[in-house]
Number of protein chains: 2
Amino acid sequence: MIKSMGLAGSIAMPADFTPLYRQVMEEIRAKISSGEWPPGHRLPSTRDLAVQYDISPGTVREGVNRLLEAGDLRGHQGLGVFVAERPPPPV
Amino acid sequence: MIKSMGLAGSIAMPADFTPLYRQVMEEIRAKISSGEWPPGHRLPSTRDLAVQYDISPGTVREGVNRLLEAGDLRGHQGLGVFVAERPPPPV
DNA sequence: CTGGATTTGTACGTATGTATT
DNA sequence: CAATACATACGTACAAATCCA
């Protein structure tokens, strides 16, 4: 689950803070690794993910963009974002 | 050089259109490859690059973010963005 | 065939927080 | 303390592609 922690206006930021967009990446990668979202699976729309996580669409997009760049996901305009058929090559 | 081509309001979009943020990535990678920006070199600030390219800071950031993720660049808050000392591992 | 709805992709803008000089 | 610069988060707008009634 993604917790925004109410950063704005908070007194102190925890040392182990993980940015929301990175939490999004972790959530998605976890679902892929666990098999909940197998290769070819279509993800919920950006807007739906934003509603689910209670964060802005732009922040979801930020995380998804990096997974697209990394090769974990494949995006198709008008269709959706899908789990890559072949996992990205390890570093 | 980055040319925005005046997308908004244009009659037709060229088939070989490359997004502005990708042109930014190419420009930066070209300067790194050519040796103009060697490892450890500090890049101009995001704002300065935006002025140079005549695009918005957010779009520069979009390209820089992906190069940071890919390992080509290293960012340091309050300091700037630097060419990575060691090039990212090839895919 | 046409038009609307949906969804990704791109671009821009604003605000705030954090780190360094 | 002030200025600079990156990092994050949110928001808006429009274009392009797809699907479907």
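A few points on the structure. All values derive from a computational prediction rather than experimental measurement.

**Details of the pattern of salt bridges**
Then comes step 1: Taken as a whole and judged by the stated rule, the model has 12 salt bridges over all chains.
Then comes step 2: Among the charged side chains, a network of salt bridges with common partners joins A:Arg22, A:Glu62, A:Arg66 and B:Glu69.

**Section: empty space enclosed by the protein**
Then comes step 1: Per the stated rule, a full pass over the model turns up 1 cavity of 30 Å³ or more.
Then comes step 2: For the largest cavity, the calculated volume is near 60 Å³.
Then comes step 3: Forming the boundary of the largest cavity are A:Glu62, A:Asn65, A:Arg66, B:Glu62, B:Asn65 and B:Arg66.
Then comes step 4: Elements that contribute at least two residues to the lining of the largest cavity include exactly α3 (57-70) of chain A together with α3 (57-70) of chain B.
Then comes step 5: Residues belonging to the lining of the largest cavity are distributed by class as follows: no nonpolar, 2 polar and 4 charged.

**Quick notes on the layout of surface pockets**
Then comes step 1: Its boundaries defined by the atoms lining it, the second largest pocket holds a volume of some 260 Å³.
Then comes step 2: If you go around the second largest pocket, the residues you meet are A:Arg61, A:Leu68, A:Gly75, A:His76, A:Gln77, A:Val81, B:Pro19, B:Tyr21 and B:Arg22.
Then comes step 3: Among the elements of the structure, α3 and β1 (73-76) of chain A together with α1 (20-34) of chain B are those that each provide at least two residues to the lining of the second largest pocket.
Then comes step 4: When grouped by side-chain class, the residues that make up the lining of the second largest pocket number 4 nonpolar, 3 polar and 2 charged.

**Overview of the pairing of strand β1 (residues 73-76) of chain B**
All names here are of chain B.
Then comes step 1: Across 4 bridges, the pairing between β1 and strand β2 (residues 80-83) is antiparallel. Looking at β2, one finds that Leu-73 is bridged to Val-83.
Then comes step 2: Hairpin connection, β1 to β2: the antiparallel pair is bridged by 3 residues, and Gly-78 has positive phi, about 80°.

**Some words on the interface of chain B and chain A**
Then comes step 1: On the chain A side, the residues contacting the 8 residues of chain B number 8 residues.
Then comes step 2: The residue B:Arg66 makes a salt bridge to A:Glu69 at a minimum N-O spacing of 2.8 Å.
Then comes step 3: Elements represented by at least two residues in the side of chain B that touches chain A include exactly α1 and α3 of chain B.
Then comes step 4: It is α3(B) that contributes the most residues to the side of chain B that touches chain A, 4 residues altogether.

**Observations concerning the protein's contact with DNA strand D**
Then comes step 1: Lining the immediate environment of DNA strand D, one finds 23 residues, of which A:Leu20, A:Tyr21, A:Thr59, A:Gln77 and B:Arg61 sit closest.
Then comes step 2: Atoms of DNA strand D within 4 Å of the protein belong to the sugar or the phosphate in 84% of instances, the rest to bases.
Then comes step 3: Measuring from a phosphate oxygen of DNA strand D, one finds a backbone N or O atom of A:Ser56 at 3.3 Å.
Then comes step 4: Residue A:Gln77 places a side-chain N or O atom 3.0 Å away from a base nitrogen belonging to DNA strand D.
Then comes step 5: Elements with a contribution of two residues or more to the surface near DNA strand D: α1 (20-34) of chain A together with α3, β1 and β2 of chain B.
Then comes step 6: Partitioned by chemical class, the residues of the surface near DNA strand D number 10 nonpolar, 11 polar and 2 charged.

**Some points on the relation of the copies chain B and chain A**
Then comes step 1: For the pair chain B and chain A, the relating rotation is 180°, the translation along its axis is 0.1 Å, and the fit reaches an RMSD of 0.0 Å. Classification of the inter-copy transformation places it as that of a two-fold axis.

Conventions we followed
Think of each chain on its own: its residues are numbered from 1, step by step along the sequence as written. Chain labels run from A onward and ligand labels from 1 onward, assigned in the order the entries are written. pLDDT decides what is reported in this predicted model: residues at 70 or higher carry local features, side-chain atom pairs at 80 or more are listed and counted, and totals for whole chains, interfaces and linings draw on all residues regardless. Hydrogens and water molecules were not included; the side-chain quantities draw on all heavy atoms of the structure. Here a salt bridge means any side-chain nitrogen of Lys or Arg lying within 4 Å of a carboxyl oxygen belonging to Asp or Glu. Residues are said to line a cavity or pocket when one of their atoms sits within 4 Å of a point; the points come from a 1 Å grid over protein atoms alone, cavities being sets where a 1.4 Å probe fits but cannot get out and pockets being open sets with protein on both sides within 12 Å along at least five of seven lines. Grid points are joined across faces, edges and corners, and a volume is the space filled by probe spheres set on the points. Starting at the N terminus, helices and strands are each numbered in turn, a helix being any DSSP run of H or I of at least four residues and a strand any DSSP run of E of at least two. Charged residues are taken to be Asp, Glu, Lys and Arg, nonpolar residues to be Ala, Val, Leu, Ile, Met, Phe, Trp, Tyr, Cys and Pro, and polar residues to be all remaining types, Gly included. Note: two strands are recorded as paired if DSSP finds a minimum of 2 bridges between them. Residues are treated as being in contact if the distance between any of their heavy atoms lies within 4.5 Å. For this purpose, a residue is taken to be near a molecule or strand whenever a single non-hydrogen atom of the residue falls within 4 Å of it. Polar contact criterion, stated in full: a pair of N or O atoms within 3.5 Å, where within protein one must be able to donate a hydrogen and the other to accept it, and residues adjacent in sequence count only if both atoms are side-chain atoms. All copies are superposed by least squares; the fitting set is the C-alpha atoms of residues with a pLDDT of at least 70 in both.

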